[in-house]
Amino acid sequence: MGLQNFGTGLNTVVFGAGGGIGAAFVEALVADPAVSRVHAVSRSLPGGASAKLHAHACDPLDEDALGRTLAGVTQDGPVHLAIVALGILHGEGIAPEKTWRHVDAAAMAAVLEVNTIAPTLIAKHILPVLAKDRKSCFAALSARVGSIQDNRLGGWVSYRASKAALNMVIRTFSVELARVNDTAQIVGLHPGTVETELSQPFRAGVPEGKLFTAQRSVSGMLGVIDRLDRGASGKTFDYAGNEVPP
Ligand SMILES: NC(=O)c1ccc[n+]([C@@H]2O[C@H](COP(=O)([O-])OP(=O)(O)OC[C@H]3O[C@@H](n4cnc5c(N)ncnc54)[C@H](OP(=O)(O)O)[C@@H]3O)[C@@H](O)[C@H]2O)c1
């Protein structure tokens, strides 16, 4: 379908472009006739060939590198759509905790650094350069498990806390953004359970029909972004457009 409500000639940027969901966002935006530029930002230079595609290597936790990347992204004008699709759930020395006995300070700090601090730094640099003359949006990938109200299972404390904190960052920045740019929005997105490296060890209990390809999830999320109403800023929505409770 593509973006309908942003106008045309869109300048877009995807952080975490090397991830399963990030790469699918890049692919969908490159295919969208409303989009004229897709800046794909990753820790290692992403591949792909298209006149629209501009690749940037950048560690999002390095603010000097972020500043240089943003200078490239805004070379031809402000940003209409920014997607932050980076995050970790497991990795070397990191596994989602089943009980408080599994909590490890270094692992928890690493999860908070990637899932909360990196998107916050990216927002610090992107929010001031969002277009002011028409609809523009900053969307960060959060997760339903970051909902405090929805948490009945427990476990995964570092990941849950990192996404709950990200949701608070989004809410907080939405208040400040509204004061300086009344056409811009900042939202969180829950992609569903998606077939990527991140979900790979944890898919056993996913009900039939609830495991999405990255392409299907991204198509849903782009539709949600396109249809956001004026009161949406500061909130988190799932791939179908339903609000995830705080
Ligand atoms: N998959 C799911 O079922 C699911 C469910 C709910 C929420 N989410 C959220 O969706 C987002 C994307 O996840 P995904 O499934 O696409 O995961 P993925 O395939 O593992 O990709 C995650 C990307 O995050 C970036 N990243 C990882 N470690 C990093 C680090 N130490 N520093 C900086 N960047 C780092 C990397 O981007 P680069 O390679 O480009 O550097 C990586 O490719 C995450 O925020 C995740 O929490 C996913």
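Now for a look at the structure at hand. (Residues numbered from 1 in each chain as written. Predicted model: local features only at pLDDT ≥ 70, side-chain atom pairs only at ≥ 80, totals over all residues. Heavy atoms only, no water.)

**Observations concerning the site of the ligand**
Selection criterion: Proximity is defined per residue: any heavy atom of the residue falling within 4 Å of a molecule or strand makes that residue near it. Think of a polar contact as two N or O atoms within 3.5 Å of one another; within protein, one of them needs to be a possible hydrogen donor and the other a possible acceptor, and neighboring residues in sequence only count if both atoms come from side chains. Per-residue accessibility takes into account occlusion by the displayed protein chains alone, with areas from the Shrake-Rupley method and a 1.4 Å probe. Here the term charged refers only to Asp, Glu, Lys and Arg, the term nonpolar to Ala, Val, Leu, Ile, Met, Phe, Trp, Tyr, Cys and Pro, and the term polar to all other amino acids, Gly among them.
Contacts to the ligand come from 27 residues, most closely from Gly18, Ser42, Arg43, Tyr159 and Thr196. Between an oxygen atom of the ligand and a side-chain N or O atom of lysine 163, the distance comes to 2.8 Å. Take threonine 196: an N or O atom from its side chain is 2.5 Å from an oxygen atom of the ligand. Here the ligand, which alone exposes 890 Å², has 87% of that area covered by the protein. Grouping the amino acids of the shell around the ligand by side-chain chemistry returns 13 nonpolar, 11 polar and three charged.

**Looking at the side chain of aspartate 238**
What counts is decided by this rule: We count a stretch as a helix when DSSP gives it H or I for four or more residues in a row; a strand needs E for two or more, and each element gets its number in order from the N terminus. Contact between two residues is taken to exist if any of their heavy atoms lie within 4.5 Å; hydrogens are not considered.
The residue aspartate 238 is located in strand 9 (residues 236-238) in this model. There is a polar contact of 2.9 Å between the side chain of aspartate 238 and the backbone nitrogen of alanine 240. Sequence-distant contacts of aspartate 238, that is, excluding residues within four places in its chain, are made with Arg144, His190, Val224 and Val244.

**Re the packing of helix 1 (residues 20-31) against helix 5 (residues 214-227)**
Where we set the bar: Lines fitted to C-alpha atoms define the axes here, with helix axes fitted over just the stretch in contact, and angles between the N-to-C directions of these axes take values from 0 to 180 degrees. Handedness of a helix crossing follows the sense of rotation of the near helix relative to the far helix, less than a right angle counterclockwise being left-handed and clockwise being right-handed.
Where helix 1 meets helix 5, the axes come as close as 9 Å, and the angle between the chain directions of the two elements is 60°. The hand of the helix 1/helix 5 crossing is right-handed. Counting all contacts with helix 1, which are made through Gly20, Ile21, Ala24, Phe25, Glu27, Ala28 and Leu29, the residues of helix 5 involved are Ala214, Gln215, Val218, Met221 and Leu222. Counted by class, the contact of helix 1 with helix 5 contains nine nonpolar, two polar and one charged residues.

**Overview of helix 4 (residues 157-180)**
Convention followed: Helix span, expected: 1.5 Å multiplied by one less than the number of residues in the helix. Only protein chains enter the accessibility calculation, which uses a 1.4 Å probe. A residue is then buried if its area is under 20% of the maximum for its type, exposed if over 50%, and partly exposed in between.
The end-to-end C-alpha distance of helix 4 is 35 Å, a good match for the 34 Å that 24 residues give at a rise of 1.5 Å each. Of all the positions in helix 4, only Ser158, Tyr159, Arg160, Ser162, Lys163, Leu166, Asn167, Val169, Ile170, Ser174 and Leu177 are classed as buried. Residues of helix 4 that are buried in the fold lie against helix 3 (105-126), strand 5 (136-141), strand 6 (184-190) and strand 9.

**Considerations on the environment of leucine 53**
With respect to the secondary-structure elements, leucine 53 resides in strand 3 (residues 53-57). Accessibility expressed as a relative area gives 17% for leucine 53, which makes it buried. Residues leucine 53 and histidine 190, spaced 137 residues apart in sequence, show a C-alpha to C-alpha distance of 25 Å. Aside from chain neighbours lying at most four places away, what touches leucine 53 is Val26, Val30, Val38, Ala40, Gly47 and Gly48.

**A look at the sheet that holds strand 3**
Keep this limit in mind: Strands pair, by our definition, only if DSSP identifies at least two bridges between them.
Taken in spatial order, the seven strands make up an open sheet running 3-2-1-4-5-6-9, and their pairing is parallel. Looking along the sheet, the strands with just one partner apiece sit at the ends: strand 3 and strand 9. In this sheet, neighbouring strand axes are inclined to one another by 20° on average, regardless of whether the strands run parallel or antiparallel. Direction of pairing for strand 1 (residues 10-15) relative to strand 2 (residues 35-42): parallel, over a ladder of six bridges. Each bridged residue has a counterpart across the sheet, and for phenylalanine 15 the counterpart in strand 2 is valine 41. Packed on one face of the sheet, helix 5 meets strand 4 (81-84), strand 5, strand 6 and strand 9 and runs near 150° to strand 6.

**With respect to the pairing of strand 6**
Most of strand 6 is tucked away: seven of the seven residues are buried. Neither face of strand 6 is open: one carries Ala184, Ile186, Gly188 and His190, the other Gln185, Val187 and Leu189, and all of them are buried. Of the pairings in the sheet, the one linking strand 5 to strand 6 comprises six bridges and is parallel in character. Considered in strand 6, the bridge of cysteine 137 is made with glutamine 185.

**With respect to the packing of aromatic side chains**
Here is the rule: Here a pair means two rings of Phe, Tyr or Trp (six-membered ring of Trp) with centres within 6.5 Å. Their orientation is stacked below 30 degrees between planes, edge-to-face above 60, and tilted elsewhere.
On inspection of all chains with the given rule, the structure shows three aromatic pairs. Summarising the aromatic geometry, the rings of tryptophan 156 and tyrosine 159 are spaced 6.1 Å apart at their centres and angled 80° between planes, so their arrangement reads as edge-to-face. The partly exposed category is assigned to tryptophan 156, whose relative accessible area is 26%. Residue tyrosine 159 is classed as buried on the basis of its relative accessible area, which comes to 11%. Ring centres of tryptophan 156 and phenylalanine 202 lie 5.2 Å apart, and the angle between their planes is 65°; this geometry places the pair in the edge-to-face category. With tryptophan 156 in the loop between strand 5 and helix 4 and phenylalanine 202 in the loop between strand 7 (193-194) and strand 8 (211-212), the pair connects residues that are 46 residues apart, well separated along the chain.

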